[in-house]
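# Structure assessment
Below, each chain spelled out in residue letters.
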Amino acid sequence: MELLATSRPEGDEMDAYERLLGDAMRGDPTLFAREDYVEQAWRIVEPALGNVTPAYTYEPNTWGPSEVMRSLRREVGKTRS
């Protein structure tokens, strides 16, 4: 595996990868997310990623897509039963 860097920082300035790799080698965890934090974040976000709402087109100056109106009528019918 080969790491190629194309940016050249000025003087004693470190680029982002140098800082990240240096901190990792020194054991400095401040630039890294803990595993339990990452797992918890995915637990929260994943349901939203899988719940894709379809996008419908509709003409300007109308009440909106006919598909949405049909869905609303079904929901209103359920609440009245």
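Residues numbered from 1 in each chain as written. Predicted model: local features only at pLDDT ≥ 70, side-chain atom pairs only at ≥ 80, totals over all residues. Heavy atoms only, no water.

## What to know about the overall build of the protein chain
Worth spelling out the cut-off: Numbered from the N terminus, helices here are DSSP runs of H or I no shorter than four residues, and strands are runs of E no shorter than two. Each residue gets one of three labels from its accessible area relative to the maximum for its type: buried under 20%, exposed over 50%, partly exposed in between, using a 1.4 Å probe on protein chains only. Only the protein chains shown count as covering a residue, and every accessible area follows the Shrake-Rupley method with a 1.4 Å probe.
Of the regular secondary structure elements, the protein chain holds 3 helices and 0 strands. Going residue by residue from the N terminus, the α and β elements of the protein chain occur as α-α-α. Residues classed as buried in the protein chain amount to 6% of the 81 residues present. A total accessible area of about 8200 Å² is found for the protein chain, and carbon and sulfur atoms account for 56% of it.

## Digging into unusual backbone geometry
One non-glycine residue with positive phi stands out, namely Asn61, at about 65°. Inspection of the secondary structure assignment puts Asn61 in the loop between helix 2 (35–50) and helix 3 (66–80).

## Digging into the side chain of Asp23
What counts here: Contacts are assigned to residue pairs that have any heavy atoms within 4.5 Å of one another.
Along the chain, the position of Asp23 falls in helix 1 (residues 16–26). Residue classification places Asp23 among the buried residues on the basis of a relative accessible area of 5%. In contact with Asp23, other than residues within four places in its own chain, are Asp28, Leu31 and Phe32.

## Let's talk about helix 2
Given 3.6 residues per helical turn, the α-helix brings residues three or four places apart onto the same face. Inclusion rule: The span you would expect from a helix comes to 1.5 Å times its residue count less one. Bend, in this description, refers to the angle at a residue between axes fitted to the seven residues ending there and the seven starting there.
Given a rise of 1.5 Å per residue, 16 residues ought to cover 22 Å, and the 22 Å separating the end C-alpha atoms of helix 2 matches this to within 8%. At Ile44, helix 2 shows its largest kink, close to 30°, and the proline Pro47 lies no more than four residues downstream.

## Focus on the pattern of salt bridges
Selection criterion: Any Lys or Arg side-chain nitrogen located within 4 Å of an Asp or Glu carboxyl oxygen qualifies as a salt bridge.
Counted under the stated rule, the structure contains 3 salt bridges. Across the pair Arg19 and Asp23 runs a salt bridge, and its minimum N-O distance is 3.9 Å. Here the residue Arg19 and the residue Asp23 both occupy positions in helix 1, the gap between them amounting to 4 residues, near one helical turn. The residue Arg34 makes a salt bridge to Asp36 at a minimum N-O spacing of 2.4 Å. By relative accessible area, which is 57% here, Arg34 ends up exposed. Several salt bridges converge on common partners, so that one network encompasses Arg19, Asp23 and Arg26.

## A few points about the environment of Arg19
On the basis of relative accessible area, Arg19 is assigned to the partly exposed category, the value being 44%. Sequence separation between Arg19 and Leu31 is 12 residues, and the spatial gap between their C-alpha atoms is 9.3 Å.

## A few points about the confidence of the model for the protein chain
Where we set the bar: Summary of the metric used: pLDDT quantifies the predictor's per-residue confidence within the range 0 to 100.
Mean pLDDT over the protein chain stands at 82; residues scoring 70 or higher make up 88%. Helix 2 holds the highest mean pLDDT among the elements of the protein chain, 90, whereas helix 3 holds the lowest, 80.

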